[in-house]
Amino acid sequence: MTSNPRFGIFLALFGALAISPDTLLMRWSEMSGSQMMAWRGLLMGSTMLLAWLIFRRRQLRKDLRVTICWAGVLVLLCQSCNASPFAFDIAVAPVSVVLFSVATVPIFAALLS
């Protein structure tokens, strides 16, 4: 995207700052992990479905064929398994610890690879 080496640092900083208010509001809601997961899933799914209907109206059949196959269902399952621990972690752990963990995942993945 750019040859500036600081771009990655600023991108990571923006990501951390963008997700911080979300987690703060999740903590203030005082919901359990399963309630947060259900509400986040409903709202995110509704938003994605609405965007899909607006922007990909002409290709709905093709998109459905791709999604409703073993690979599409596997991707949906992996996404739900990925999103579930985040809501449960926010419910029980300090927000700063969860955000630090989420922010350092790419660094540890790069180091371990």
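Conventions adopted
Residues numbered from 1 in each chain as written. Predicted model: local features only at pLDDT ≥ 70, side-chain atom pairs only at ≥ 80, totals over all residues. Heavy atoms only, no water. Core = buried A, V, L, I, M, F, W, Y, C linked by side-chain atoms within 4.5 Å. Buried < 20%, exposed > 50% of the residue type's maximum accessible area, 1.4 Å probe, protein only. Contact = heavy atoms within 4.5 Å. Helix = DSSP H or I, 4+ residues; strand = E, 2+ residues; numbered from the N terminus. 1 Å grid on protein atoms, 1.4 Å probe; cavity = no way out; pocket = protein on both sides within 12 Å on 5 of 7 lines; lining within 4 Å. Points joined across faces, edges and corners; volume = space filled by probe spheres on them. Nonpolar A, V, L, I, M, F, W, Y, C, P; charged D, E, K, R; others polar. Axes fitted to C-alpha atoms, helices over the stretch in contact; angles between N-to-C directions. Parallel < 35°, antiparallel > 145°, perpendicular 65-115°, else oblique. Left-handed = near helix turned anticlockwise from the far one by under 90°. pLDDT = per-residue confidence, 0-100.

Trainee: How would you explain the nonpolar core if you had to name every residue and give the values?
Mentor: Counting residues in hydrophobic clusters, the biggest one holds 7 residues: Met26, Met36, Phe86, Ala87, Ile90, Ala93 and Val98. When near neighbours in sequence (up to four residues on either side) are disregarded, Ala87 contacts Met26, Gly33, Met36 and Met37.

Trainee: Run through the environment of Trp52, naming residues and quoting values.
Mentor: When you line up the elements, Trp52 lands in helix α2 (residues 33-55). The class for Trp52 is partly exposed, based on a relative accessible area of 23%. Between the C-alpha atoms of Trp52 and Phe88, which are 36 residues apart in sequence, the distance is 28 Å. In this structure, Trp52 is in contact with Arg57, Leu60, Asp63 and Leu64, ignoring residues within four places of it in sequence.

Trainee: Help me get a handle on the layout of surface pockets, residues and values and all.
Mentor: Considering only enclosed or pocket space, the largest pocket measures out at about 780 Å³ in volume. The wall of the largest pocket is formed by 23 residues, among which Met44, Leu76, Gln79, Ser80 and Ala83 lie closest to the centre. Elements with a contribution of two residues or more to the lining of the largest pocket: α2, α3 (60-67) and α4 (70-92). Top element by residues in the lining of the largest pocket is α4. It accounts for 10 residues. In terms of residue class, the lining of the largest pocket is made up of 14 nonpolar, 7 polar and 2 charged. Counted as a void, the second largest pocket has a volume near 250 Å³.

Trainee: So what's going on with the packing of α2 against α4? Which residues, and what values?
Mentor: Close contact between α2 and α4 brings their axes to 8 Å; oriented N to C, the two are set at 135 degrees. As the angle between them shows, α2 and α4 are arranged oblique. As α2 packs across α4, the resulting crossing turns out to be right-handed. Residues Gly33, Ser34, Met36, Met37 and Arg40 of α2 touch α4, and the partners they reach there are Ser84, Phe86, Ala87, Phe88, Ile90 and Ala91. By residue class, the composition of the contact of α2 with α4 is 7 nonpolar, 3 polar and 1 charged.

Trainee: I'd like to hear about the confidence of the model for the protein chain, residue by residue, with values.
Mentor: It should be kept in mind that the predicted coordinates are not to be read in detail where pLDDT is low. In this model, the protein chain carries a mean pLDDT of 81, and residues with pLDDT of at least 70 account for 98%. Per-element confidence in the protein chain ranges from a low mean pLDDT of 74 for α3 to a high of 85 for helix α5 (residues 95-112).

Trainee: Run through the packing of helix α1 (residues 7-29) against α4, naming residues and quoting values.
Mentor: One can describe the packing of α1 onto α4 by two numbers: an axis separation of 9 Å at closest approach and a directional angle of 60 degrees. Between α1 and α4, the angle falls in the class oblique. Crossing angle aside, the handedness with which α1 passes α4 is right-handed. In contact with Ile19, Asp22, Thr23, Met26 and Arg27 of α1, α4 contributes Phe86, Ala87, Ile90, Ala91 and Val92. Among the residues making up the contact of α1 with α4, the classes are represented as 7 nonpolar, 1 polar and 2 charged.

Trainee: Outline unusual backbone geometry, listing residues and values.
Mentor: Even without glycine at this site, Glu30 takes up a positive phi of about 55 degrees. For Glu30, a relative accessible area of 72% translates into the label exposed.

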